[in-house]
Amino acid sequence: MDIRVRNIVKDYGRTAALEGVSLDIASGELIALLGPSGSGKTTLLRVIAGLEIPNSGQVFFGDEDASFTPVQHRKVGFVFQHYALFRHMTVLDNIGFGLSVRDSARRPPAGEIRRRCLELLDLVQLSGLEDRYPAQLSGGQRQRVALARALAVEPRVLLLDEPFGALDAKVRKDLRRWLREIHDRTGHTTVFVTHDQDEALELADRVAVLNKGRIEQVGTPDEVYDRPGTPFVFRFIGESHALAVKVAGGKVWLAGRPILLSPEDMGEGPAQLHLRPQDVEFAAYAPDALPARIISVRRSGPTRRAEIRLSDEQDAVFEIDAPAALSVRPGEERPVRILRGRVFSGD
Amino acid sequence: MPDSMPAALLPPSATKPAAAPDIRARKRLRAPTEDPPLFRAAAIALAVFFLALFLVLPLAVVFIEAFGKGAAAFLEALREEDARAAVRLTLTVAAIAVPVNVVFGIAAAWCIAKFEFPGKSLLVSLIDLPFSVSPVVAGLVYVLLFGAQGLLGPTLQAYGIEVIFAVPGIVLATIFVTLPFIARELIPLMEDQGTTDEEAALSLGAGGFRTFLRITLPNIRWGLLYGVLLCNARAMGEFGAVSVVSGHIRGLTNTMPLQVEVLYNEYNATAAFAVASLLAGLALVTLALKSLLEWRYADEIAGTHRR
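In this text, all values refer to a predicted model and were calculated from it rather than measured experimentally.

Chemist: Outline the overall build of chain B, listing residues and values.
Modeler: Summing up its helical and strand segments, chain B has 14 helices and zero strands in all. Ordering the α and β elements of chain B from the N terminus gives α-α-α-α-α-α-α-α-α-α-α-α-α-α. Taking all 307 residues of chain B together, 36% fall into the buried category. In chain B, 71% of the contacts between residues at least 6 apart in sequence involve partners at least 24 apart. A total accessible area of about 17900 Å² is found for chain B, and carbon and sulfur atoms account for 70% of it.

Chemist: Lay out the overall build of chain A in plain terms, naming residues and giving numbers.
Modeler: The number of helices and strands found in chain A is nine helices and 20 strands. Counting only residues that meet the buried cut, chain A has 50% of its 347 residues in that class. Long-range contacts, defined here as pairs at least 24 residues apart, represent 65% of the contacts in chain A between residues at least 6 apart. Charge separation in chain A, taken as the distance between the mean sites of 47 positive and 48 negative side-chain charges, equals 4 Å.

Chemist: I'd like a description of empty space enclosed by the protein, backed by residues and values.
Modeler: Residues and elements named next belong to chain B. Tallied over the entire structure, the rule returns one cavity of 30 Å³ or more. What the largest cavity holds in volume is close to 40 Å³. What lines the largest cavity is simply Thr90, Val93, Ile170, Thr174, Ala235, Met236, Glu238, Val242, Thr255 and Pro257. Elements with a contribution of two residues or more to the lining of the largest cavity: helix H5 (81-114), helix H9 (167-193) and helix H11 (208-237). A class-by-class count of the residues in the lining of the largest cavity yields six nonpolar, three polar and one charged.

Chemist: With reference to specific residues and values, describe the sheet that holds strand E1 (residues 3-12) of chain A.
Modeler: Residue and element names in this part refer to chain A. With respect to topology, four strands assemble into an open sheet ordered E2-E1-E4-E5, the strand pairing being antiparallel. Every other strand in the sheet has two partners, leaving strand E2 (15-25) and strand E5 (64-65) as the edge strands with one partner each. Pairing analysis gives two bridges linking strand E4 (residues 56-61) to E5, with the strands arranged antiparallel. Considered in E5, the bridge of Phe60 is made with Asp65. Of the strands in this sheet, E1, E2 and E4 are in contact with helix H1 (residues 41-49), which crosses E2 at around 60°.

Chemist: Can you tell me about a nonpolar patch on the surface, naming the residues and giving the values?
Modeler: On the surface, a nonpolar cluster with roughly 970 Å² of combined accessible area is contributed by Leu46, Phe49, Phe50, Leu51, Leu53, Phe54, Leu55, Val56, Leu57 and Val61 of chain B. Examined against the element boundaries, Phe50 of chain B turns out to sit in helix H3 (residues 37-66).

Chemist: Summarise the interface of chain A and chain B; cite the residues concerned and give the values.
Modeler: If you look at the interface, chain A gives 23 residues, while chain B gives 23 residues. Between chain A and chain B the total buried area reaches about 2100 Å² when both faces are included, carbon and sulfur atoms providing 56% of it. Per-residue buried area on chain A facing chain B is highest for Gln72, Arg87 and His88 of chain A; these three make up 31% of the total on that side. Linking chain A with chain B are two salt bridges. Linking Asp197 of chain B and Arg87 of chain A is a salt bridge whose minimum nitrogen-to-oxygen distance equals 3.2 Å. Put simply, chain A and chain B have five residue pairs in polar contact (both at pLDDT 80 or more) between them. Every element with two or more residues in the side of chain A that touches chain B is listed here: helix H2 (71-74), strand E6 (76-79), helix H3 (91-100) and helix H5 (139-152) of chain A. When the residues that make up the side of chain A that touches chain B are grouped by side-chain class, the tally is 14 nonpolar, five polar and four charged.

Chemist: A description of the packing of aromatic side chains should follow, citing residues and the corresponding values.
Modeler: Across all of its chains, the model carries 11 aromatic pairs over all chains by this definition. Their ring planes at 80° and their centres at 6.0 Å tell us that Trp110 of chain B and Phe212 of chain B sit as a pair that is edge-to-face. Taken together, the residues Trp110 of chain B in helix H5 and Phe212 of chain B in helix H11 connect sequence positions 102 residues apart. Measuring from ring centre to ring centre gives 6.1 Å for Tyr142 of chain B and Phe176 of chain B, while their planes differ by 80°; the resulting arrangement is edge-to-face. With Tyr142 of chain B in helix H7 (residues 135-146) and Phe176 of chain B in helix H9, this pair connects stretches of sequence that are 34 residues apart. Among the residues examined, Tyr142 of chain B registers a relative accessible area of 15% and is labelled buried. A cation sits over an aromatic face here: Arg276 of chain A above Tyr225 of chain A, 4.3 Å from the ring centre.

Chemist: Summarise the side chain of Arg87 of chain A; cite the residues concerned and give the values.
Modeler: Along the chain, the position of Arg87 of chain A falls in the loop between E6 and H3. Its relative accessible area of 16% is what places Arg87 of chain A among the buried residues. A distance of 3.2 Å separates a polar atom in the side chain of Arg87 of chain A from a polar atom in the side chain of Asp197 of chain B.

Chemist: Before we move on, can you summarise the pattern of salt bridges with the specific residues and values?
Modeler: Counted by the stated rule, this structure contains 34 salt bridges over all chains. Measuring nitrogen to oxygen at the nearest pair gives 3.2 Å for the salt bridge that ties Arg115 of chain A to Glu112 of chain A. Taken together, the residues span about one helical turn, with Arg115 of chain A and Glu112 of chain A both in helix H4 (residues 110-123) at a distance of three residues. What makes Arg115 of chain A partly exposed here is its relative accessible area of 41%. A salt bridge links Arg88 of chain B to Glu81 of chain B; the shortest N-O distance between them is 3.6 Å. Classification of Arg88 of chain B as partly exposed rests on a relative accessible area of 48%. Glu81 of chain B sits in the partly exposed class, given a relative accessible area of 48%. Ionic contacts of the salt-bridge type, sharing partners, join the residues Arg102, Glu112, Arg115, Arg116, Glu119 and Glu154 of chain A into one network.

Reading the values: the criteria
- Residues numbered from 1 in each chain as written.
- Chains lettered and ligands numbered in written order.
- Predicted model: local features only at pLDDT ≥ 70, side-chain atom pairs only at ≥ 80, totals over all residues.
- Heavy atoms only, no water.
- Helix = DSSP H or I, 4+ residues; strand = E, 2+ residues; numbered from the N terminus.
- Buried < 20%, exposed > 50% of the residue type's maximum accessible area, 1.4 Å probe, protein only.
- Contact = heavy atoms within 4.5 Å.
- Areas by Shrake-Rupley, 256 points an atom, 1.4 Å probe, with all protein chains shown as cover.
- Lys, Arg positive; Asp, Glu negative; His and termini not counted.
- Charge placed at Lys NZ, Arg CZ, Asp CG, Glu CD.
- 1 Å grid on protein atoms, 1.4 Å probe; cavity = no way out; pocket = protein on both sides within 12 Å on 5 of 7 lines; lining within 4 Å.
- Points joined across faces, edges and corners; volume = space filled by probe spheres on them.
- Nonpolar A, V, L, I, M, F, W, Y, C, P; charged D, E, K, R; others polar.
- Pairing = 2+ DSSP bridges.
- Axes fitted to C-alpha atoms, helices over the stretch in contact; angles between N-to-C directions.
- Patch = residues over 30% accessible without salt bridge, like charges linked within 9 Å, V, L, I, M, F, W, Y side chains within 5 Å.
- Salt bridge = Lys/Arg side-chain N within 4 Å of Asp/Glu carboxyl O.
- Buried area = accessible area lost by both parts, 1.4 Å probe.
- Polar contact = N/O pair within 3.5 Å; in protein donor to acceptor, adjacent residues only side chain to side chain.
- Phe/Tyr/Trp six-rings, centres within 6.5 Å; stacked < 30°, edge-to-face > 60°.
- Lys NZ or Arg CZ within 6 Å of the ring centre and 35° of its normal.

Written as structure tokens, this is what we have:
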């Protein structure tokens, strides 16, 4: 089921949560809503589910305008951040809840409900735990039960609010892969909210980056990472630093030196150069190398990361990945070369 | 230079620390939050003394006095027609007041805990009003409202409805006094639980009423039971407000607490204490049930607290 969101505006009293958001989600797609807290990503998810009523705008499920359909009849599977499992029901009753509350004409017989719940339990790899209560499960297991419960109602779309937010790092990684597998097997259109860029990039077919109630960019993980459309996306996805530069004569100037060719459509004047740690390297003294001093060195996964300051431009502080073989110490003078970067005009 | 040699390169024996003396043995070291034994003993003794003097002793006296002239006199006093009428009336009043407060308490707690609306803090204060107003004043208010010279009294009388010096007045006064118990118990509980469970049920297709019955009510059941017990204890024991509106008509509008007072004023100590012991017995049963629930309820909280 494809979903189209059109011009959704939503405010809570005086604070605006969504300022005219439109988004097309293809059938069977796994899409991430990524943004910092307060960006409106959860509100957007809840609007799609029908848990929030927008001030204006429309939500389409396929060709059907679902804007005025109450949440009970939207047929969505919603997985809450803290799972919201019914604590007084067993795992099996939790999963079967959606089927058991149907009106008698559409409700499957009790045996059929049980059979389908056990099937789902098997899908989420929790067979044998059907008589447990939520309190007797680990965080990861609860998450799986919540997903099974959402899948039980045969939803048209699966909506997950920070699905791994409350889990520790190791479990998160395992569940990520597992969710991807479930998605590939069941083929549900799936929207999930996260503030974790790694999660979004690794898991999603496409990522929608939100900021202050607006969508900044929608694209595949490669697109948003390699070709960020706005300074915000560049800052938010991956590590980055911004330097004040000048664009003149088709070149980007930093500390009085031309360092890069400027993009063709870029006007002259002040601009921002956004760099990732991989975009800079230590260099031998050369005409295009910039003299710099190492401020500090710290460990970052397999590499070491050095914080450096340009000698001719004291405001220009950024980070650089130092190869393991290279000896770098705080206080050392070392020239650097900027290999690439992304320039946005304006201050 | 063995001094600068890293610890990992030293032979194991060199890094092994000498057996550290148990520092607790050096001086009798206490945990930071532990008090000196003398202070502890004094505090416990003081608490026990006050409990015995102000709670256990009076309760014991009630039962001793009640059975002072033998079990036969005790039973005789309870078999008396007025005493039996008082017991019946007390149970009737509680049977009406408690369910009314259950409905009101759930509705009020639901509104306050799950929704934002203007005047919410005013509603919370209003619910607390019966706690702060003297029960006698509450009774007087009902007399002024429904009495023969009162605001609504003559109108009601024209239709043959008597409120003051009759059972309806007693019920109204009791409801007023016991109003906060259940709501107060449920508000923090429901606020803590939030609305996500309900949202989950709705998103799974359940209707509003079914969600309430199958999700909200089970989530608050222990708190609700606890509130009902407190409310019931107060409804049966209320004296002040009921005393003002009842008119003390023996066999008709005397509840158990009122009956105790009447008997006592007639120097009928045995009968007074016999009824009083019955009241105290009901209170003890309530207390036992409450403790049982708390024990059970604590289990429930520990097991199902949201993480």
